[in-house]
Amino acid sequence: MTRTVNTRLIVKALGILLVVEAFFMSIPTLVSWFYGEPDTQVFLWSTLITLVAGVIGRLCGIRADRRVGEREGYLIVALVWFVFSLFGMLPFYLSGAVNTITDAFFETMAGFTTTGATILPDVEAMTHGILLWRALAQWLGGLGIVVLCVAILPIFGLGGMQLYAAEVTGVSYEKLSPRIADTAKLMWILYILLTGTEILLLWLEGMDIFDCVCHSLSTIATGGFSTKNMSLMNYSPAIQYTVAVFMLLSGINFTLLVMVFMRKPKRLLHDEETHWYLGAVGLFTVIISAGLFAFNRAFSWAGAEEAFRHGFFMVTAAITSTGYAVTDYMQWHVVLWVILFFLMFTGASSGSTSGGIKWVRLAIIVKNSHAEFKRRIHPNAIIPVKMNRKPVPQQTINNVVAFMIIYVLVIIITVVAFCACGLGFDEAIGTTVSAIGNVGISIGSYGPMGTYADFPTAAKWIMTFVMLIGRLEIFTVLLLFSPTLWKK
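Structural notes, computed from the coordinates.

Cut-off values and rules
Residues numbered from 1 in each chain as written. Predicted model: local features only at pLDDT ≥ 70, side-chain atom pairs only at ≥ 80, totals over all residues. Heavy atoms only, no water. Salt bridge = Lys/Arg side-chain N within 4 Å of Asp/Glu carboxyl O. Helix = DSSP H or I, 4+ residues; strand = E, 2+ residues; numbered from the N terminus. Buried < 20%, exposed > 50% of the residue type's maximum accessible area, 1.4 Å probe, protein only. Disulfide = S-S within 2.5 Å. Core = buried A, V, L, I, M, F, W, Y, C linked by side-chain atoms within 4.5 Å. Contact = heavy atoms within 4.5 Å. Phe/Tyr/Trp six-rings, centres within 6.5 Å; stacked < 30°, edge-to-face > 60°. Lys NZ or Arg CZ within 6 Å of the ring centre and 35° of its normal. Polar contact = N/O pair within 3.5 Å; in protein donor to acceptor, adjacent residues only side chain to side chain.

## Some points on the pattern of salt bridges
Then step 1. By the definition in use, this model includes seven salt bridges.
Then step 2. A salt bridge links Lys460 to Asp103; the shortest N-O distance between them is 2.5 Å. Residue Lys460 is located in helix H20 (residues 457-471), and its partner Asp103 is located in helix H5 (residues 101-112); the two are separated by 357 residues in the primary sequence.
Then step 3. Of the residues examined, Lys460 reaches a relative accessible area of 4% and is grouped as buried.
Then step 4. By relative accessible area, Asp103 is classed as buried at 14%.
Then step 5. One salt bridge in this structure joins Glu372 and Arg375, with 2.9 Å as the shortest N-O distance. Taken together, the residues Glu372 and Arg375, both in helix H17 (residues 359-377) and three residues apart, mark about one turn of the helix.
Then step 6. Among the residues examined, Glu372 registers a relative accessible area of 32% and is labelled partly exposed.
Then step 7. What makes Arg375 partly exposed here is its relative accessible area of 23%.
Then step 8. Here the salt bridges share partners, and the residues they tie into one network are Glu372, Arg375 and Arg376.

So this is what it looks like as structure tokens:
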């Protein structure tokens, strides 16, 4: 027996979220006006259209039942990314920054999902308003549009727990406060503080204030949209180190970072996933830096520093799915960029702004495999899998295994689809991993120096859908296609 979907509630929630989007869209409108750019009117109309649509949605759901069920939660979370991208693409398309709806939607979805893949062949030709809107889209999508709005929806009488559970996907999520809205607020306060701190530091190191804002918004969101065609390649070492450090911080579980600010640093210091994540960054930074230095063959302290800086930056950019670049790693020895390709799979920590599989899942898989060897030797022994000194429930292990299997299946299906669209195998697998991991950078012709401007149209729509699946970590989207969800 099927259940009736609370359509009015969904329309109401999406309407409220569109009002939020209109507010943020007004910021590049003002910036465009400040710089006297021709797309000011386009931004103004885009903001008004988004605002009117949001108000209409809010009014249509004025008598909606306030209870948010599981199905409504999943629908709102999945639809908000589509709806935000649909209205968010208006400035790109109406201003003529892109020529087709496909490209406009692709660029916008790449922003909100923090993928950072771009179809713009010349970013520096874009106006200040367009560049800021790209960065803001990533910043909004970074910690999660829904996590932001969970702090707002209770004002309108809508519960937030189901939305938070659907958005903060992964092995586990944790509340910092009994009220979920307070948890969301604490996370967003930290998010804003980190962004503001990076803006200040980059400005003190000599970066233009507008570029400071755009790069900081993208860094904390681990998005990777830059205001320069060469990404961060032409900036000073101090700026590159600063961005790398903030990428590293953004790859840590934000709940744990908030606890540090609440004077509870032990939770972060003793967290196993953080150990795995930081350990991976340290290990692969050493390997790649040593490889770059060895292949250079000419010893110098300047060469050693550059090798370390490039290694540390690119490892951090890959593992956090940020997608910035300070060098063309496709010119490295094949072993080194294959390591980066592996890191694109892993992602950083759960509860962070990064994409990818996440190290908590990888840790559970490794520990469960090790425990299975012990069980073979001692079949009667009870050998639990532990994380943070606590046994991991079997249901969680099953969830992780299912996630990994579906993750690989989605990659295989997408690679086949891309090959059918005319892509070579290297480009197909590279762009697939880039899309599902929300990384942005890839291998082959779509590496750090390439764009998706000439990507086949059909492949762009496929990649857009895969970006969404990756951002919501598969289950939130795929559950919508499950008949079980729609039955009692």
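## Notes on the state of the cysteines
Then step 1. Within the structure shown, the criterion is met by zero disulfides.
Then step 2. For the unlinked cysteine Cys421, the closest cysteine sulfur is that of Cys419, found at 9.2 Å.

## Points about the nonpolar core
Then step 1. Phe313, Met314 and Leu340 are the most contacted members of the largest nonpolar core, which totals 144 residues.
Then step 2. Top contributing element to this core by residue count: helix H6 (residues 128-143), with 10 residues.

## Digging into the environment of Leu136
Then step 1. Relative to the helices and strands, Leu136 resides in helix H6.
Then step 2. Residue class for Leu136 comes out buried when judged on its relative accessible area of 5%.
Then step 3. Along the backbone, Leu136 and Phe112 are 24 residues apart, and their C-alpha atoms lie at a distance of 8.6 Å.
Then step 4. Leu136 has contacts with Phe24, Ile27, Pro28 and Leu217, leaving out every residue within four places of it along the chain.

## Structural notes on the packing of aromatic side chains
Then step 1. Applying the stated rule across the entire model yields 24 aromatic pairs.
Then step 2. Residues Tyr35 and Phe210 carry aromatic rings whose centres are separated by 6.2 Å and whose planes lie at 75° to one another, so their mutual orientation is edge-to-face. Of this pair, Tyr35 sits in the loop between helix H1 (7-34) and helix H2 (40-60) while Phe210 sits in helix H10 (residues 209-220), placing them 175 residues apart in sequence.
Then step 3. By relative accessible area, which is 37% here, Tyr35 ends up partly exposed.
Then step 4. Overall, the relative accessible area of 8% leaves Phe210 in the buried class.
Then step 5. When the ring of Phe106 is compared with that of Tyr452, the centres are 5.9 Å apart and the planes differ by 40°; the resulting orientation is tilted. In this pair, Phe106 is assigned in helix H5 and Tyr452 in the loop between helix H19 (425-436) and H20, connecting sequence segments 346 residues apart. Side by side, Phe106 and Tyr452 carry an identical accessibility label, which is buried.
Then step 6. Here a set of aromatic residues connected by ring pairs shows up, and it is made of Phe23, Phe24, Trp139, Trp188, Tyr191 and Phe254.
Then step 7. Positioned above the aromatic ring of Phe225 is the side chain of Arg134, whose terminal nitrogen or guanidinium carbon lies 3.9 Å from the ring centre.
Then step 8. Positioned above the aromatic ring of Phe403 is the side chain of Arg361, whose terminal nitrogen or guanidinium carbon lies 3.7 Å from the ring centre.

## So, the side chain of Ser352
Then step 1. Structurally, Ser352 is set in the loop between helix H16 (334-346) and H17.
Then step 2. A polar side-chain atom of Ser352 sits 2.6 Å from the main-chain carbonyl oxygen of Ser349.
Then step 3. A distance of 2.9 Å separates polar atoms of two side chains, one belonging to Ser352 and the other to Ser354.
Then step 4. Excluding anything up to four places from it in sequence, Ser352 contacts Ser250, Gly251, Ile252, Asn253, Phe254 and Lys358.

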